[in-house]
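Residue strings, one per chain:
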Amino acid sequence: MAAFREYSDKYPFRMRSETPDIAIELSLQPLRAFRPDGIIFFSDILTPLPGMGIEFDMVKGKGPVIANPMRSTEHLKQLTPLSDPASRLPFINTILSTLRKEADSNGVTLLGFIGTPWTLAAYSMEGKADKDCKETKKIMFHNPALLHSFLDFLTEQLIVYAGYQIESGAQVIQLFDSWAHHLSPAQFAEFSLPYMERITVALKAKYPHVPVIMHANGGTGKLELMRDSAADVIGLDWAVDMKDARQQLAGKRVQGNVDPMSLFGPEEVIRAEVERCLRAAGPRGHILNVGHGVVQGTPESSVALFCQLARESGAIHAKAAANGARQPVLV
């Protein structure tokens, strides 16, 4: 957004995400512009890492950089449990508690989020974004015990961090497994899903009123593994057929599936993509969304149209039913 760039061109990322007044403003910009059903607080999946002793910087044009990657048992022993997030990450409470008041006054929902243990481990071991995830994969194959130990550590800290978000005002928590596409189904079943599930089960036990969304980017070939998850909603990228996903997930609520690049297309393409997704998903148990995130440079008018079509989705389904389109029966 142009309004967002006024801040991103002036202030570094961590200053924006850790300064409450700025983060609150950036969180509210999409609400004012597009009137979606929720507010997502402006932050990053790496935000809790410094509270554990893993420092990072966000370098413009490169993304996150961790100068001292975590690649040894000795380093793992030096990390600090996130036992008191209020003292180490106090800005989170200020941001979320303020946004909760805004959400309540606007009749929308406040969404918090965390990265999954696998994704945070991969960033921490690579030290940067890497298309091959080479260093982490080498550790996976040569020293899986170290990787499992790190995943176990991160899982416990992320349970605390997600709970802190909820107690600060978040009404929904989404788990982002942004690097799941680096894993085969068997690797996902060993190194990612069990740790995601531990977080989900812990949150549902302590905060049963808070829905949990589980999103694995690159989830194609992994959906059946997530079918029995305790998560309330499974996020879908755009590489999976919605009808197939519905069958594999056995009626579980789903989110997403629209290719974010379609928002660079003309209006008729955006409308067609949204209608295709809605018809395949059926009229119940689907949150319309793009498959991973709005790409930088997407026309703001296209995002506005997408949100408008979401609000009109009931009418779109009714029209499809009237035209005789076959709809799966979903709860």
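Cut-offs used in this document
Residues numbered from 1 in each chain as written. Predicted model: local features only at pLDDT ≥ 70, side-chain atom pairs only at ≥ 80, totals over all residues. Heavy atoms only, no water. UniProt positions renumbered as here; feature names shortened; annotations may be inferred. Helix = DSSP H or I, 4+ residues; strand = E, 2+ residues; numbered from the N terminus. Rg over C-alpha atoms; globule rule 2.2 N^0.38 Å. Buried < 20%, exposed > 50% of the residue type's maximum accessible area, 1.4 Å probe, protein only. Contact = heavy atoms within 4.5 Å. Disulfide = S-S within 2.5 Å. Polar contact = N/O pair within 3.5 Å; in protein donor to acceptor, adjacent residues only side chain to side chain. Phe/Tyr/Trp six-rings, centres within 6.5 Å; stacked < 30°, edge-to-face > 60°. Core = buried A, V, L, I, M, F, W, Y, C linked by side-chain atoms within 4.5 Å. 1 Å grid on protein atoms, 1.4 Å probe; cavity = no way out; pocket = protein on both sides within 12 Å on 5 of 7 lines; lining within 4 Å. Points joined across faces, edges and corners; volume = space filled by probe spheres on them. Nonpolar A, V, L, I, M, F, W, Y, C, P; charged D, E, K, R; others polar. Axes fitted to C-alpha atoms, helices over the stretch in contact; angles between N-to-C directions. Parallel < 35°, antiparallel > 145°, perpendicular 65-115°, else oblique. Patch = residues over 30% accessible without salt bridge, like charges linked within 9 Å, V, L, I, M, F, W, Y side chains within 5 Å. Areas by Shrake-Rupley, 256 points an atom, 1.4 Å probe, with all protein chains shown as cover. Salt bridge = Lys/Arg side-chain N within 4 Å of Asp/Glu carboxyl O. Lys, Arg positive; Asp, Glu negative; His and termini not counted. Charge placed at Lys NZ, Arg CZ, Asp CG, Glu CD. Pairing = 2+ DSSP bridges.

As recorded in an unreviewed UniProt entry, the chain goes by uroporphyrinogen decarboxylase and comes from Chlamydomonas incerta. According to UniProt, the comment filed for the chain under the heading Sequence similarities (unreviewed entry) is "Belongs to the uroporphyrinogen decarboxylase family." In its Pathway (unreviewed entry) section, UniProt records this for the chain: "Porphyrin-containing compound metabolism; protoporphyrin-IX biosynthesis; coproporphyrinogen-III from 5-aminolevulinate: step 4/4."

Lay out the overall build of the chain with the relevant residues and their values.
Counting secondary structure elements, the chain contains 16 helices and 9 strands. Radius of gyration (C-alpha) of the chain: 20 Å, near the 20 Å computed for a compact globule of 331 residues. Along the three orthogonal principal directions, the C-alpha set of the chain runs to about 65 × 45 × 40 Å. When the 331 residues of the chain are sorted by exposure, 50% land in the buried category. Considering only residue pairs separated by 6 or more positions, the chain has 69% of its internal contacts joining residues 24 or more positions apart.

Could you give an account of the state of the cysteines, naming the residues involved and the relevant values?
For the coordinates displayed, the defined rule picks out 0 disulfides. Not engaged in a disulfide, the cysteine Cys 277 finds its nearest cysteine sulfur in Cys 307; these two sulfurs lie 14 Å apart.

Give a description of the UniProt feature "domain: Uroporphyrinogen decarboxylase (URO-D)" (unreviewed entry) in the chain that names residues and reports values.
With numbering aligned to this structure, UniProt lists the feature "domain: Uroporphyrinogen decarboxylase (URO-D)" (unreviewed entry) at residues 4–312. Between the end C-alpha atoms of residues 4–312 the distance is 27 Å, and the span holds 50% helix and 12% strand.

Run through the environment of Thr 47, naming residues and quoting values.
Mapped onto the secondary structure, Thr 47 falls in the loop between β1 (38–40) and β2 (57–59). By relative accessible area, which is 1% here, Thr 47 ends up buried. Along the primary structure Thr 47 and Ile 114 are separated by 67 residues, whereas in three dimensions their C-alpha atoms are 8.8 Å apart. When sequence neighbours within four positions are dropped, the list of residues in contact with Thr 47 reads Phe 56, Leu 89, Phe 91, Ile 92 and Tyr 161. From its side chain, Thr 47 meets the backbone oxygen of Asp 44 in a polar contact 3.0 Å long.

Pulling in residues and values, what's your account of the packing of aromatic side chains?
This model, assessed by the stated rule, comprises 6 aromatic pairs. Ring centres of Tyr 7 and Tyr 11 lie 6.3 Å apart, and the angle between their planes is 40°; on these two criteria the pair is classed as tilted. With a relative accessible area of 23%, Tyr 7 lands in the partly exposed category. Between Phe 41 and Phe 113, the ring centres sit 5.4 Å apart and the planes meet at 45°, which makes this aromatic pair tilted.

Hey, could you go over the nonpolar core for me, with residue numbers and the actual values?
Within the largest apolar cluster, 97 residues are counted, with the highest numbers of intra-cluster contacts made by Trp 118, Leu 147, Phe 150, Leu 154, Tyr 161 and Leu 236. Top contributing element to this core by residue count: helix α9 (residues 144–168), with 11 residues. Those residues within four positions of Tyr 161 in sequence are excluded, and the remaining contacts are Phe 41, Ser 43, Thr 47, Pro 48, Leu 82, Leu 89, Ile 92, Phe 113 and Ile 114.

Any details on the environment of Lys 206? Residues and values, ideally.
Here Lys 206 lies in helix α11 (residues 193–206). Lys 206 sits in the exposed class, given a relative accessible area of 57%.

Please provide a residue-by-residue account of empty space enclosed by the protein, values included.
Summed over the entire model, instances satisfying the criterion amount to 1 cavity of 30 Å³ or more. What lines the largest cavity is simply Ala 216, Gly 219, Thr 220, Leu 223, Met 226, Gly 235, Leu 236, Asp 237 and Val 240. Taken together, the elements giving at least two residues each to the lining of the largest cavity come down to α12 (223–226) and β7 (233–236). A breakdown of the residues in the lining of the largest cavity according to their chemical character gives 5 nonpolar, 3 polar and 1 charged.

Give me the lowdown on the packing of helix α8 (residues 134–142) against α9, citing residues and values where you can.
Running from N to C, α8 and α9 cross one another at 115°; their axes reach a closest spacing of 5 Å. Overall, the two elements α8 and α9 adopt an arrangement that is roughly perpendicular. Residues Ile 139, Met 140, Phe 141 and His 142 of α8 touch α9, and the partners they reach there are Pro 144, Leu 146 and Leu 147. Across the contact of α8 with α9, the residue classes break down as 6 nonpolar, 1 polar and no charged.

Which residues make up a positive patch on the surface, and what values do they have?
Taken together, the side chains of Lys 62, Arg 71, Lys 128 and Lys 134 make up a positively charged region of the molecular surface. Structurally, Lys 134 can be placed in helix α8.

Requested: an account of the sheet that holds strand β6 (residues 212–216), with residues and values cited.
Across the sheet, 7 strands lie side by side as β1-β4-β5-β6-β7-β8-β9; this open sheet has parallel pairing. With one partner strand each, in any of the chains shown, β1 and β9 (286–287) form the two edges of the open sheet. Each of β4 (109–115) and β5 (172–177) is contacted by α9, which is oriented at about 165° to β4, the strand it contacts most.

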